[in-house]
Amino acid sequence: MRRKKWILAVLAAAVMAAAVAKAWFIEPIARIEPLKEVTDLSEEWIVKSGSLPSEGEMEYHYRIPKDDPKDLVFAVENCGEPFRVYLDGEPIFQYNDKYREKGLMLQWIPLSADAGGKELTLCIGEEVGEGLLAGKYASWIGPQDAVFLKVVEENLYMAFLGCFTIILGIAVTVMSFAFTGRSPVTVKKSFRYLGIFIFLTGVWEITDSSILQIVTGKTAVITLFSFFSFMMMPCFFVCFMKTMMTEGKKALSILEFLYLANAVFTSGSYLFRIFNLYETLSLQHILIVVSVITVLFYGIREVRQKENRKIRKTIIGLGFLALSGMISLGVFYTGFFRLYPVFYSTGLFIFIGCLASTAVDELYYHLEASASTKVYRSLAYTDVMTRMNNRSAFIEEQERREVKTGEGCIVMDINNLKQINDQYGHLEGDSLIRDAAECIRQVFEGIGICYRMGGDEFVVILENTTEEDLKKNIQNLERQLEYKNRDRKFPIVIASGYEIAGEEGSLMRDLLDGADAGMYRKKQAMKEKHQKI
């Protein structure tokens, strides 16, 4: 049968390949015309001297071909510098952002329908102009749809990575809230901080690309989101590392405070125009470098001295992040603004993978420890002979707590256990205890909590009960004992007493004492009855 399946699979693959080959050579009914190419002006600009530039500016010229389409767009990356655009000497666009509040983006300048054959002139600062000639900054001309697709193509990597990272961050954060109440607080916090860090990373990646700015047109808001996410991102990384490390917590707390202070300072400077966002960026870069060095220092020391394996992956990821961060900072400060997010995002993505792996290892460790704890707790609080909760469990769970109105307690005691042990041995006595416990569980296990308090004494706790219900349950137990005694050499006889909480505020210990007194009265009555017989 397996051989026939393989033959059929190979045949199916061969037939499908033949079908694809046939479809390849079929002529299409209509052919989609490709978009006209976008012209990269970095190699087309001609630097001329003229009367248009102001002091510190240069003049760049490009002759638009006559056969170019009518819906032309000139797109230029100006890095916040003021510039002017002329068409055959006539001004068509002017940009000036003294406080650099409008945000960095690709300026989108539609040209008139008769632009073909005319000379396009750009007047801009010499430093940015040299960047345009070197290809550091974008300067394109072409049909509107083609230029838009060019922007998408240039930023698709960052946009895709940003969307994926945002989804991952939301998933990890939601996971942190889904942990049960018994999960360790450090695990919940570490996953929560990690999730927020990943989410903010995704927000920064997607807002730092030009796609959102072009689509929404809200360049100032998008740029502000990019800065805010970049400022808060390392803060939550520091919080995450505090939950993972045993050393350096004080230094990390100081860094956390500095990040928050820098966020307040940067936002206030933006609001009151003290400094623009880009002038305060170097402070954030310094804090990031200090954070990386601090985590590496304490992390490596913990790995070496305390063999803290759970942060080893974090240190490896941080090494990749530090390397990519240094490269991206170098690229940023040399003017290649379009390339630095690519380097930084690559290292950041590797780093996030290492952090996630570390968090999963930590979760696994705590789950394993929790499972072991449950096993030990079960052994400590379970009576081996009857598989009921033992006296230690009752003391831990019930004895000192306040009871609720309608809560009931039944105390039961096996009669004549000592005599049976003395005359027929402890094996017979143990058999009596096991069979009695089985009857008690069959009646009460679904409606209450059963405890073997030791020797021949049992306790059952019931919620929302009445005296009528308790009497009915005790009658059910007596019927169960009668059925069990048919196959026993020595019958099981149980004396019981009960007590119901009338109002809240009293302790379970008081309820137990009342039920215990009732049980002894019942036991005494049974003895007197037996003596009369």
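The coordinates are above.
Below you will find a few notes about this structure.

### What about the sheet that holds strand S4 (residues 72-77)?
Part 1 of the reasoning: What the four strands build is an open sheet, ordered S1-S9-S4-S7; its pairing is antiparallel. Looking along the sheet, the strands with just one partner apiece sit at the ends: strand S1 (39-40) and strand S7 (106-110).
Part 2 of the reasoning: Summarising the sheet, S4 and S7 pair through five bridges and their orientation is antiparallel. When the bridges of S7 are listed, Val73 appears paired with Pro110.
Part 3 of the reasoning: Sitting on the sheet, helix H3 (residues 144-178) touches S4, S7 and strand S9 (139-143), and the angle it makes with S9 is about 135°.

### What to know about the pattern of salt bridges
Part 1 of the reasoning: All chains considered together, the criterion is met by 16 salt bridges.
Part 2 of the reasoning: With a shortest N-O distance of 3.9 Å, Asp88 and Arg63 are connected by a salt bridge. Remark: Arg63 occurs in strand S3 (residues 57-63) and Asp88 occurs in the loop between strand S5 (83-87) and strand S6 (90-95); sequence separation between them is 25 residues.
Part 3 of the reasoning: Residue Asp88 is classed as partly exposed on the basis of its relative accessible area of 42%.
Part 4 of the reasoning: Arg63 sits in the partly exposed class, given a relative accessible area of 49%.
Part 5 of the reasoning: In this structure, the salt-bridge partner of Arg452 is Asp383, at a minimum N-O distance of 3.2 Å. Taken together, the positions of Arg452 in strand S11 (residues 448-454) and Asp383 in the loop between helix H10 (340-381) and helix H11 (391-399) put the pair 69 residues apart, joining distant regions of the chain. In this pair, the class of Arg452 matches that of Asp383, namely buried.

### Notes on helix H12 (residues 417-424)
Part 1 of the reasoning: Buried residues of H12: Leu417, Ile420 and Asn421, and no others. For H12, the angular spread of buried residues about the axis comes to 100°, placing them on one side. Seen from the open side of H12, the exposed residues pointing more than 90 degrees away from its buried face are Lys418, Asp422 and Gln423.
Part 2 of the reasoning: If you follow the buried residues of H12, they end up packed against strand S10 (408-414) and helix H13 (426-444).
Part 3 of the reasoning: With its phi angle positive at about 100°, Gly425 sits one or two positions after the end of H12.

### Observations regarding empty space enclosed by the protein
Part 1 of the reasoning: Applying the stated criterion across every chain, the model contains four cavities of 30 Å³ or more.
Part 2 of the reasoning: When its volume is computed, the second largest cavity comes out at roughly 50 Å³.
Part 3 of the reasoning: Lining the second largest cavity are Ile474, Leu477, Glu478, Leu481, Ile494, Ala495, Ser496 and Lys522.
Part 4 of the reasoning: With four residues, helix H14 (residues 467-485) is the single largest residue contributor to the lining of the second largest cavity.
Part 5 of the reasoning: Within the lining of the second largest cavity, the residues separate by chemical class into five nonpolar, one polar and two charged.

### Section: the sheet that holds S5
Pairing between the strands of a sheet is mediated by backbone hydrogen bonds and can be parallel or antiparallel.
Part 1 of the reasoning: The five strands lie next to each other as S2-S3-S8-S5-S6, forming an open sheet whose pairing is antiparallel. Two strands in the sheet have a free side with no partner beyond their single neighbour: strand S2 (46-48) and S6. Recorded for the sheet is a direction-independent mean angle of 25° between the axes of neighbouring strands.
Part 2 of the reasoning: For S3 and strand S8 (residues 119-125), the ladder comprises seven bridges, and the chain directions are antiparallel. Its bridge partner being in S8, His61 is matched across the sheet by Thr121.
Part 3 of the reasoning: The sheet contacts of helix H2 (residues 126-134) involve S2, S3 and S8, and relative to S8 the element is tilted by about 130°.

### Considering the nonpolar core
Part 1 of the reasoning: Core analysis: the biggest nonpolar cluster contains 40 residues, and Leu194, Phe197, Phe237, Met241, Leu348, Phe351 and Leu355 have the highest contact counts within it.
Part 2 of the reasoning: Going through the elements one at a time, helix H4 (185-208), helix H6 (219-244), helix H7 (249-272), helix H8 (281-305), helix H9 (312-333) and H10 are the ones with two or more residues in this core.
Part 3 of the reasoning: Among the elements that make up this core, the one with the highest residue count is H6 (11 residues).
Part 4 of the reasoning: Filtering out sequence-adjacent residues up to four positions away, Leu348 remains in contact with Phe197, Thr201, Trp204, Glu205, Met233, Leu321 and Ser324.
Part 5 of the reasoning: Ile410, Leu417, Cys439 and Phe458 belong to the second largest nonpolar core, which has 25 residues in total.

Each value, and the rule that gives it
- Residue positions are given per chain, counting from 1 as you read along its sequence in written order.
- In keeping with the model being predicted, local features are shown solely for residues with a pLDDT of at least 70 and side-chain atom pairs are shown and tallied solely at 80 or more, while totals for entire chains, interfaces and linings include all residues.
- Only hydrogens and water are removed before side-chain values are computed, so all heavy atoms of the structure are retained for them.
- Strands qualify as paired when DSSP identifies two bridges or more between them.
- Under the DSSP-based scheme used, a helix requires at least four consecutive residues in state H or I and a strand at least two consecutive residues in state E, with every element numbered from the N terminus.
- Contacts between residues were defined by any pair of non-hydrogen atoms, one from each residue, lying within 4.5 Å.
- Helix axes are fitted only over the stretch in contact, all axes being lines through C-alpha atoms; the angle between N-to-C directions runs from 0 to 180 degrees.
- Salt bridge, as applied in this entry: a Lys or Arg side-chain nitrogen positioned within 4 Å of an Asp or Glu carboxyl oxygen.
- Remark: exposure states derive from per-residue accessible area (1.4 Å probe, protein chains only) relative to the maximum for the residue type, with buried under 20%, exposed over 50%, and partly exposed in between.
- Think of it as the arc spanned by the lines of direction from the helix axis to the C-beta atoms.
- A pocket, in this scheme, is an open set of points on a 1 Å grid over the protein atoms alone with protein on both sides within 12 Å along at least 5 of 7 lines, while a cavity is a set where a 1.4 Å probe fits but cannot get out; residues line either one if an atom lies within 4 Å of a point.
- Grid points are joined across faces, edges and corners, and a volume is the space filled by probe spheres set on the points.
- Gly is placed with the polar residues, together with every amino acid not listed as nonpolar (Ala, Val, Leu, Ile, Met, Phe, Trp, Tyr, Cys and Pro) or charged (Asp, Glu, Lys and Arg).
- Nonpolar cores were defined as sets of buried Ala, Val, Leu, Ile, Met, Phe, Trp, Tyr and Cys residues, with membership established by side-chain atoms within 4.5 Å.

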